[in-house]
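# Report on the structure
The primary structure of each chain is shown beneath.
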Amino acid sequence: MSLKITQVDAFSDKPFGGNPAAVCILDEAADPQWMQNVAMEMNLAETAFLVRQDDGYNLRWFTPAIEVDLCGHATLASAHVLWEAGYLPPEVQARFYTRSGLLTADRKGDWIELDFPARTMVETKAPAALVQALGEVTIKYVGNRTGDTSNYLVELGSEAEVRSLKPDLGLIRNLGVIVTAKADTAGLDFVSRYFAPYAGIDEDPVTGSAHCSLTPYWQKQLGKNEFTAYQASARGGLLKLQLKGERVLIGGQAVTVLRGELV
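Residues numbered from 1 in each chain as written. Predicted model: local features only at pLDDT ≥ 70, side-chain atom pairs only at ≥ 80, totals over all residues. Heavy atoms only, no water.

Another aspect to go through is the environment of R145. By the element assignment, R145 lies in the loop between β10 (139–144) and β11 (151–156). The exposure class of R145 is partly exposed, given its relative accessible area of 30%. Taking the C-alpha atoms as reference points, R145 and F62, separated by 83 residues in sequence, lie 22 Å from one another. In contact with R145, not counting residues within four places along its chain, are R119, T120 and M121. (Helix = DSSP H or I, 4+ residues; strand = E, 2+ residues; numbered from the N terminus. Buried < 20%, exposed > 50% of the residue type's maximum accessible area, 1.4 Å probe, protein only. Contact = heavy atoms within 4.5 Å.)

Our focus in this paragraph is helix α2 (residues 72–84). For α2, spanning 13 residues, the distance from its first C-alpha to its last is 18 Å, which sits close to the expected 18 Å at 1.5 Å a residue. Of all 13 residues in α2, 12 are buried, a share of seventy percent or more. Remark: G86 follows α2 within two positions and exhibits a positive phi of approximately 85 degrees. (Expected span 1.5 Å × (residues − 1).)

General note: in soluble globular proteins, nonpolar side chains tend to be found buried as a group. The biggest cluster of nonpolar side chains holds 53 residues, and the ones touching the most others in it are L50, W61, L82, A94, F96, A105 and I250. No other element matches α2, which puts 7 residues into this core. Residues in contact with I250, not counting those within four places in the same chain, are F11, I112, E113, L114, F116, G208, C212, L239, K240 and L241. Counting 20 residues, the second largest nonpolar core, distinct from the first, contains V142, V179, A181 and V191. (Core = buried A, V, L, I, M, F, W, Y, C linked by side-chain atoms within 4.5 Å.)

The pairing of strand β13 (residues 190–196) with strand β14 (residues 201–204) spans 2 bridges and is antiparallel. The residue of β14 that forms the bridge with Y194 is D204. If you look at the hairpin formed by β13 and β14, you'll find 4 residues sitting between the two strands, and G200 has a positive phi there, around 85 degrees. (Pairing = 2+ DSSP bridges.)

As enumerated under the stated definition, the model contains 13 salt bridges in all. Here E67 ties to R60 by a salt bridge, and the two come within 2.8 Å at their closest N and O atoms. Look at R60 and you get partly exposed, because its relative accessible area is 25%. When salt bridges with common partners are traced through the structure, they connect R60, E67, D69 and R99 into a single cluster. (Salt bridge = Lys/Arg side-chain N within 4 Å of Asp/Glu carboxyl O.)

Before going further, it helps to spend a moment on a nonpolar patch on the surface. Taken together, F16, V257 and L258 make up a surface patch of nonpolar side chains, about 310 Å² in accessible area. Mapped onto the elements, V257 comes out in strand β18 (residues 254–262). Here V257 falls in the partly exposed class, since its relative accessible area comes to 30%. (Patch = residues over 30% accessible without salt bridge, like charges linked within 9 Å, V, L, I, M, F, W, Y side chains within 5 Å. Areas by Shrake-Rupley, 256 points an atom, 1.4 Å probe, with all protein chains shown as cover.)

With respect to the element layout, F116 can be found in strand β8 (residues 111–117). Placed 132 residues apart in sequence, F116 and V248 show a C-alpha to C-alpha distance of 5.2 Å. What F116 contacts, discounting residues up to four positions off in sequence, is L70, C71, G72, T75, L103, C212, E246, R247, V248 and I250.

Within the structure shown, the criterion is met by 6 aromatic pairs. Lying across the ring of W111, K240 places its NZ or CZ 4.2 Å from the centre. (Phe/Tyr/Trp six-rings, centres within 6.5 Å; stacked < 30°, edge-to-face > 60°. Lys NZ or Arg CZ within 6 Å of the ring centre and 35° of its normal.)

From the geometry alone we can't say anything about function, so treat these as descriptive.
Here it is, written out as structure tokens:
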């Protein structure tokens, strides 16, 4: 028996941009070690596994190294596949049951809008290794979620510093680090990059879950609730964001680049 697997470039309107994710729709729940092995084989930032439920899908995400609690681009890719392959009519909301609760996706023309939980950051002192890893840059803010000493949000002095940053990943091997700055580029509110060596991903091309923290952070800095953001990795990706109470609406596009079978 073979299983279909689809590779989708999320947060992009053309192939070879955004963040690639593999999507595998299963007939029944699979062994977690098997899913981890498939994710290692695919060697993408995330591989998503879906199992049909009464009113939606159970959804789990695996990097090549670990299972994660929240992933935006693989959720976007999953919704794209469900509509494109005919599992859901285009007007029907995609509903996902995950480690982070119920997540939904809706089609908005050529865009897909995800409804994710907001993550509030609290200012903290940067670990010495993090400061050393970032090098000669202007650090305006460092924060993390209360009690989480493995993931940090760092505001730098300029968009140029974010784009040109070459952190020493060896010094932050056990961390996840979002770097961000107010945008100078016309039409953008802020830019970011995300380094996640702890999860087996040196730099993630476009990270929906990081914008669950970035959106409420920039709401406080800029005094508004809607944003156009760009994740400035080599592949890059554009996001439309809205803070809505304790939720973040994350808009992105997606394109299928590969269809195959697991044998």
